[in-house]
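Examination of the molecular architecture
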Amino acid sequence: GPSDTWFHSDAAARWVDRLAVEFENEFPGAGLLLFKDPRLCRVLPIWKRAFRQLNIETHYLIPVRHPLDVARSLQTANELPIANGLLLWLDYFLRAEHDTRGCARSFLHFDQFTTDWQATIIQASASAGILLPEPDRATQADIDAFLQRNSDPATALHDPSVDPLHPWIAEAYREALRGCGGEALDVDALDTLKAAFSLAEEAFGPAAATSEQRLQVERDRRQAVEHDVTALDQKLQTRTQQRTELR
């Protein structure tokens, strides 16, 4: 993501103006909007400035999930190595926590939502001071079916402890759990952790990015080969069927 100094640059200011204009064009006169994008936390400072420029009141919901669950899910969905997924979790959480300080915000654990999504939505809307209409039975059934359909036992974590985690990730997750419980976070400890992580990212980030690029190239090559194999298989099936019909 952009460096902390970039957010105070002229280029960032231009992006703030651009975001404000695009937002007004995309959602003219909208009363209540919900954005769900984990990557938003990487550029949240300019979004906050754009929201202030538009006099938009915000409330931030920070979903919390065990880092290993997140890493395993990313491995399944995107073939991302577990170590990379853990680092991504740490980066996103530290940014989201830091850049929402002083703002209206709530922490909600992912397990709460999958266990009782209706109670979780009520809790989230209450913390934001928003009264949401109760979904009808058809919508409730759709949500239940979606959650059941997308619950993947292969990525479920059987050990909820922080023992297998790197100390930095374990400490961040413990603070996240405190937030979910409505407790005050140790912001000094989080600031120390964020500073150490930033130094490590500055030192090893370029090498990690190079490795990720090489991995992506290999993924693309494999997908291309799989596509060619599928196409050849379809041609073979077609010709086999044609020969059978000619007999």
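What counts, and at which threshold
Residues numbered from 1 in each chain as written. Predicted model: local features only at pLDDT ≥ 70, side-chain atom pairs only at ≥ 80, totals over all residues. Heavy atoms only, no water. pLDDT = per-residue confidence, 0-100. Helix = DSSP H or I, 4+ residues; strand = E, 2+ residues; numbered from the N terminus. Salt bridge = Lys/Arg side-chain N within 4 Å of Asp/Glu carboxyl O. Buried < 20%, exposed > 50% of the residue type's maximum accessible area, 1.4 Å probe, protein only. Pairing = 2+ DSSP bridges. Core = buried A, V, L, I, M, F, W, Y, C linked by side-chain atoms within 4.5 Å.

1. So, the confidence of the model for the protein chain
A low pLDDT score tells you not to read the predicted coordinates there in detail. When pLDDT is averaged along the protein chain, the result is 87; 94% of the residues meet or exceed 70. Taken element by element, the protein chain is modelled with least confidence in helix H9 (residues 187-246), mean pLDDT 83, and with most confidence in helix H8 (residues 167-180), mean pLDDT 95.

2. Points about the pattern of salt bridges
This structure, assessed with the given rule, holds 10 salt bridges. Residues participating in the shared-partner salt-bridge network are Glu97, Arg101, Arg105 and Asp191.

3. Quick word on the pairing of strand S2 (residues 105-109)
With respect to burial, S2 is a largely interior element, four of its five residues being buried. In this sheet, S2 lies alongside strand S1 (residues 60-64) in parallel orientation, the contact comprising five bridges. Residue pairing across strands places Leu61 opposite Ser106, the latter belonging to S2.

4. Thoughts on the nonpolar core
Counting 24 residues, the largest nonpolar core has Trp89, Leu90, Phe93, Leu94 and Phe107 as the members making the most contacts within it. Elements supplying a minimum of two residues to this core: S1, helix H3 (67-78), helix H4 (82-99), H8 and H9. Ranked by residues supplied to this core, first place goes to H8 with six residues. In terms of nonpolar packing, the next biggest core, distinct from the first, is built from 13 residues, Phe7, Val16, Ala50 and Leu54 among them.

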